[in-house]
Amino acid sequence: MRPGFPLPDVTWEPLVPFWAAAERGELRIPRCDSCGAFVWYPRKTCRSCGGQAITWDRVSGRGRIFSWVLVRHAFVPQFASLVPFATGLVALEEDPAVRLATRFVDCEPCELAVDAPVEAVFRDLSFPGVPGSVRAPLFRPVH
């Protein structure tokens, strides 16, 4: 296992702009300069048109729950203090085909439902016994 696991590797080249934006409290997703399509998960060429010029655009942080699950057993020891917690996928408002994996915060699981509106909030991720923290976009229901 890499040092710092389960914190995200903020130095991994394809996602450096994502984590740098999160540190500033921004959600940025790569977009093709040629056709305007979002390119998520990041890659060097656009899936829609083959364009190679990609810019990381700021998005609203609003979206809808695509799917979610309540985790009742920590399969990774570092998550034990979080159990139970809700995790899932959020389809972004700007393009529902862009789906971000997340943990849901500031709510009870009974507040979650597929297609419910959510918004990004930025929190420091840290885990017992793991040095450091990473600022990450998590999502909460919009009331």
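The structure we're discussing is the one just above.
In this text, all values refer to a predicted model and were calculated from it rather than measured experimentally.

Visitor: Which parts of the structure should I look at to understand the overall build of the chain?
Guide: What the chain contains, in helices and strands, is 1 helix and 7 strands. Mapped in sequence order, the helices and strands of the chain form the string α-β-β-β-β-β-β-β. Projecting the C-alpha coordinates of the chain onto the three principal axes gives extents of approximately 45 × 35 × 25 Å. The buried share of the chain, reckoned over its 143 residues, is 38%. If you take every contact in the chain between residues at least 6 apart in sequence, the share linking residues at least 24 apart comes to 52%. As displayed, the chain has an accessible area near 8,100 Å², and 54% of this comes from carbon and sulfur atoms. Both charge centroids of the chain, one from 16 positive and one from 15 negative side chains, sit 3 Å from each other.

Visitor: Would you mind showing me how to read the packing of aromatic side chains here?
Guide: Where two aromatic rings form a pair, the distance of their centres and the angle of their planes describe that pair. The full count for this structure, using the stated rule, is 6 aromatic pairs. When the centroid spacing of 5.6 Å and the interplanar angle of 40° are considered together, the rings of Phe18 and Trp40 count as tilted. Of this pair, Phe18 sits in helix H1 (residues 16–23) while Trp40 sits in the loop between strand S1 (27–32) and strand S2 (54–59); the two residues are 22 residues apart in sequence, bridging distant segments of the chain. Neither residue differs from the other here; Phe18 and Trp40 are each classed as buried.

Visitor: Please clarify how the pattern of salt bridges should be interpreted in this entry.
Guide: Side chains that differ in sign of charge can pair as their charged atoms come close. In this structure the tally under the stated criterion is 9 salt bridges. The shortest N-O distance in the salt bridge between Glu93 and Arg62 comes to 2.8 Å. In this pair, Glu93 sits in the loop between strand S4 (85–92) and strand S5 (95–104) while Arg62 sits in strand S3 (residues 62–71), placing the two residues 31 residues apart along the sequence. With a relative accessible area of 41%, Arg62 lands in the partly exposed category. Ionic pairing is found between Asp106 and Arg140, a salt bridge with its closest N-O pair at 3.4 Å. With Asp106 in the loop between S5 and strand S6 (117–127) and Arg140 in strand S7 (residues 130–141), this residue pair connects regions lying 34 residues apart in the sequence. Linked through salt bridges whose partners overlap, the residues forming this network are Arg24, Glu26, Arg28 and Arg58.

Visitor: Even after reading the chapter, I still don't get the nonpolar core, so can you show me in this structure?
Guide: The nonpolar side chains of soluble globular proteins are, as a tendency, buried together. Among the nonpolar cores identified, the biggest contains 33 residues, and Phe18, Leu27, Ile29, Trp40, Leu92, Phe104 and Phe139 are the most heavily contacted of them. When residues in this core are grouped by element, the largest group, 6 residues, is from S6. Contact partners of Leu27, with chain neighbours within four places excluded, come to Phe18, Asp57, Arg58, Val59, Gly61, Leu92, Leu100, Phe122, Pro137 and Phe139.

Visitor: What am I meant to see in the layout of surface pockets here?
Guide: Over the atoms rolls a probe the size of a water molecule, and in doing so it shows where empty space is left. Put simply, the largest pocket is a space of about 570 Å³. Lining the largest pocket are 23 residues, with Pro8, Trp19, Ala101, Thr102 and Leu125 positioned closest to its centre. Residue assignment for the lining of the largest pocket shows that the elements contributing at least two residues are H1, S4, S5, S6 and S7. Ranked by residue count, the leading element in the lining of the largest pocket is S5, at 5 residues.

Visitor: Teacher, can you tell me more about the pairing of S6 here?
Guide: On a regular strand, each side chain points to the face opposite its neighbour's, so the side chains alternate between the two faces of the sheet. Summarising the sheet, S3 and S6 pair through 3 bridges and their orientation is antiparallel. Note that in S6 the partner of Arg64 across the bridge is Pro117. One ladder, built from 9 bridges, connects S6 with S7; its direction is antiparallel. Its bridge partner being in S7, Ala120 is matched across the sheet by Phe139. Counted along the chain from S6 to the antiparallel partner S7, the turn is 2 residues long, and its residue Gly129 has a positive phi close to 80°.

The rules behind the values
Residues numbered from 1 in each chain as written. Predicted model: local features only at pLDDT ≥ 70, side-chain atom pairs only at ≥ 80, totals over all residues. Heavy atoms only, no water. Helix = DSSP H or I, 4+ residues; strand = E, 2+ residues; numbered from the N terminus. Buried < 20%, exposed > 50% of the residue type's maximum accessible area, 1.4 Å probe, protein only. Contact = heavy atoms within 4.5 Å. Areas by Shrake-Rupley, 256 points an atom, 1.4 Å probe, with all protein chains shown as cover. Lys, Arg positive; Asp, Glu negative; His and termini not counted. Charge placed at Lys NZ, Arg CZ, Asp CG, Glu CD. Phe/Tyr/Trp six-rings, centres within 6.5 Å; stacked < 30°, edge-to-face > 60°. Salt bridge = Lys/Arg side-chain N within 4 Å of Asp/Glu carboxyl O. Core = buried A, V, L, I, M, F, W, Y, C linked by side-chain atoms within 4.5 Å. 1 Å grid on protein atoms, 1.4 Å probe; cavity = no way out; pocket = protein on both sides within 12 Å on 5 of 7 lines; lining within 4 Å. Points joined across faces, edges and corners; volume = space filled by probe spheres on them. Pairing = 2+ DSSP bridges.

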